[in-house]
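Residue-level structural notes
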Amino acid sequence: SSSSSSSSSSSSSAALASSLALNMRAVGNAGKILDNFKTNLLSRKFEMWKNKRRSKNACEHAPVAAGGRESEDDDDAKKGRHTRGFEDMKRILQTLGPKCPIKAEQVLFLARTGSYMYNLHNELSDQDYTIIFKHQDSTALYLASKMLKDEFRDHTHRVGTNDKHDVLEFTAVEIGKFLEHVIKGNAKQLELFFAKRLIYESTEWTKLKRLRMRLLTDRALSQYLGFINLNLNRSRDKKSVAHTRVNRLEKVYYYAFHKLFDAERISQGLLPLVEPRPHEREFIMRIRRGPLKGALAPEVLDAEIESGLSRIFVRSILGHIVTKSVACAAAATTSVKNSGWIGKGARTRRPSEVEIGPFCEWLLDLRADT
């Protein structure tokens, strides 16, 4: 009985590994897509676009009264920088100090991220901020020379303790580099478009946010699955950091289940919530608090993660079958929905890759205004 169970488990793992490999095929083309992304940007004759934008803006704005001059604050307000949270954003930049040499007018987005953004923080959690900013230089300079620093970070690692309640950390990423990660389906970056706990969003960012549905692709789902599988392997490897650091195993399971819940939603054609539903949150917080015994024993949690991955795989396969033939789509969708595989109002087919054209347009528009 145990040998058949072991055989079944190994075949299940093999099938899962095979499915992940199939889902990850697109990731191998990341370099090519990024090259196309940059080439498209450089080949659009940026200076012509910039001059066109300036002419358009000159026509739209009313003339300033004779002898008068618009204040810098008025100019900032027109560009959408003084939106809700602007003062909070400036205060946080001042708190971060010289380690974060970003000016307020460069910031597109700022949020307290990590467990706080997920509403999974506890009394030991640190304050971790993510900043998306823009260089005040031309697109050509940023992409061609790469002389400008496009990332700043400050993170603290404490040995022998999980208490970081007094730690202030941050990551600041330039929008060009951020978009490169986003089109590759990076889950951590993608979540910023769907998170609710935000501090500051510029008008430019809200325009970019309107494109967020285009990011829910097969590539993005495969990145979620890869992250979950990585943490599953860490939980099983007795030599990994999950078993050698204080409370690290609990954190590995917290990471895995948080992404698993949203991956299931994406596989159903729904939006990732980022902040788990109440019952999901309670389950993850029980894992964080520990101990990992009984219903929360590692072998039980591993089996639940495997089961969730299998459901996502089957649902994805069914989604492809549903859209394979227009003739049988309606009947198949009905039967699949009735079986509980796909939620109401869900899309049955995701695009394989991000359509980068609209993101190129947005980025050029942003650079033209700098």
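In short, a report on the structure. (Residues numbered from 1 in each chain as written. Predicted model: local features only at pLDDT ≥ 70, side-chain atom pairs only at ≥ 80, totals over all residues. Heavy atoms only, no water.)

Further remarks concern the overall build of the protein. Secondary structure summary: the protein contains 15 helices and 5 strands in total. Expressed as a percentage of its 370 residues, the buried residues of the protein come to 45%. Residue pairs at least 24 apart in sequence account for 74% of intrachain contacts in the protein once pairs closer than 6 positions are excluded. Here the protein displays about 18,800 Å² of accessible surface, and carbon together with sulfur accounts for 52% of that area. (Helix = DSSP H or I, 4+ residues; strand = E, 2+ residues; numbered from the N terminus. Buried < 20%, exposed > 50% of the residue type's maximum accessible area, 1.4 Å probe, protein only. Contact = heavy atoms within 4.5 Å. Areas by Shrake-Rupley, 256 points an atom, 1.4 Å probe, with all protein chains shown as cover.)

What follows is about the side chain of Glu 306. Inspection of the secondary structure puts Glu 306 in helix α13 (residues 298–322). What makes Glu 306 buried here is its relative accessible area of 13%. In terms of polar contacts, Glu 306 uses its side chain to reach the side chain of Arg 236, at 3.3 Å. (Polar contact = N/O pair within 3.5 Å; in protein donor to acceptor, adjacent residues only side chain to side chain.)

Next up on the list: the pattern of salt bridges. Enumeration according to the criterion identifies 23 salt bridges in this entry. Taking the shortest distance from any N to any O, the salt bridge between Arg 214 and Glu 355 comes out at 2.9 Å. Taken together, the positions of Arg 214 in the loop between α9 (203–209) and α10 (218–236) and Glu 355 in the loop between α14 (326–338) and α15 (357–368) put the pair 141 residues apart, joining distant regions of the chain. We note a salt bridge from Arg 289 to Glu 282, for which the minimum N-O separation is 3.3 Å. Taking the relative accessible area as the measure of exposure, Arg 289 reaches 53% and is therefore exposed. The network of salt bridges with common partners includes Asp 150, Glu 151, Arg 153 and Lys 177. (Salt bridge = Lys/Arg side-chain N within 4 Å of Asp/Glu carboxyl O.)

Another point: the packing of aromatic side chains. By the definition in use, this model includes 11 aromatic pairs. A ring pair is formed by Phe 86 and Tyr 200, whose centres lie 5.9 Å apart and whose planes are at 65°; its orientation type is edge-to-face. Of the two residues, Phe 86 sits in helix α5 (residues 86–96) while Tyr 200 sits in strand β5 (residues 200–201), which places them 114 residues apart along the sequence. Across the pair, Tyr 200 and Phe 86 agree in class, each one buried. Among the aromatic residues, those joined into a cluster by ring pairs are Phe 109, Phe 178, Phe 193 and Trp 205. Over the face of the ring belonging to Tyr 116 we find Arg 112, whose NZ or CZ atom lies 4.3 Å from the ring centre. Above the plane of the ring of Tyr 116 lies Arg 197, whose end atom (NZ or CZ) is 4.9 Å from the centre. (Phe/Tyr/Trp six-rings, centres within 6.5 Å; stacked < 30°, edge-to-face > 60°. Lys NZ or Arg CZ within 6 Å of the ring centre and 35° of its normal.)

For strand β4 (residues 168–174), the tally of buried residues reaches 6 of 7 residues, placing the bulk of the element in the interior. Taken together, the 7 bridges between strand β2 (residues 127–133) and β4 define a ladder with parallel strand orientation. Each residue of the ladder has a partner; that of Asp 128, found in β4, is Glu 169. The pairing of strand β3 (residues 151–154) with β4 spans 4 bridges and is antiparallel. Within the sheet, the bridge partner assigned to Arg 153 lies in β4 and is Thr 171. (Pairing = 2+ DSSP bridges.)

Another aspect to go through is the sheet that holds β4. Strand order across the open sheet formed by 5 strands is β3-β4-β2-β1-β5, with mixed pairing between neighbours. Two strands lie at the open edges of the sheet, namely β3 and β5, each paired on one side alone. Here strand β1 (residues 107–112) runs beside β5; their pairing, made up of 2 bridges, is antiparallel. Its bridge partner lying in β5, Leu 110 is registered against Tyr 200. Running over the sheet, α5 touches β1, β2, β4 and β5 and is turned about 75° from β1. (Axes fitted to C-alpha atoms, helices over the stretch in contact; angles between N-to-C directions.)

In this section: helix α11 (residues 248–267). In this model α11 runs 28 Å from its N-terminal to its C-terminal C-alpha over 20 residues, within 8% of the 28 Å that 1.5 Å per residue would give. Where burial is concerned, most of α11 is hidden: 17 out of the 20 residues are buried. Gly 269 occupies a position one or two residues after α11 and carries a positive phi of about 85°. (Expected span 1.5 Å × (residues − 1).)

Right, let's get into the environment of Val 354. Inspection of the secondary structure puts Val 354 in the loop between α14 and α15. On the basis of relative accessibility, which here comes to 10%, the residue Val 354 falls in the buried class. Note: C-alpha distance between Val 354 and Asp 218 (136 residues apart in sequence) is 9.1 Å. In contact with Val 354, other than residues within four places in its own chain, are Ile 183, Arg 214, Leu 215, Thr 217 and Phe 359.

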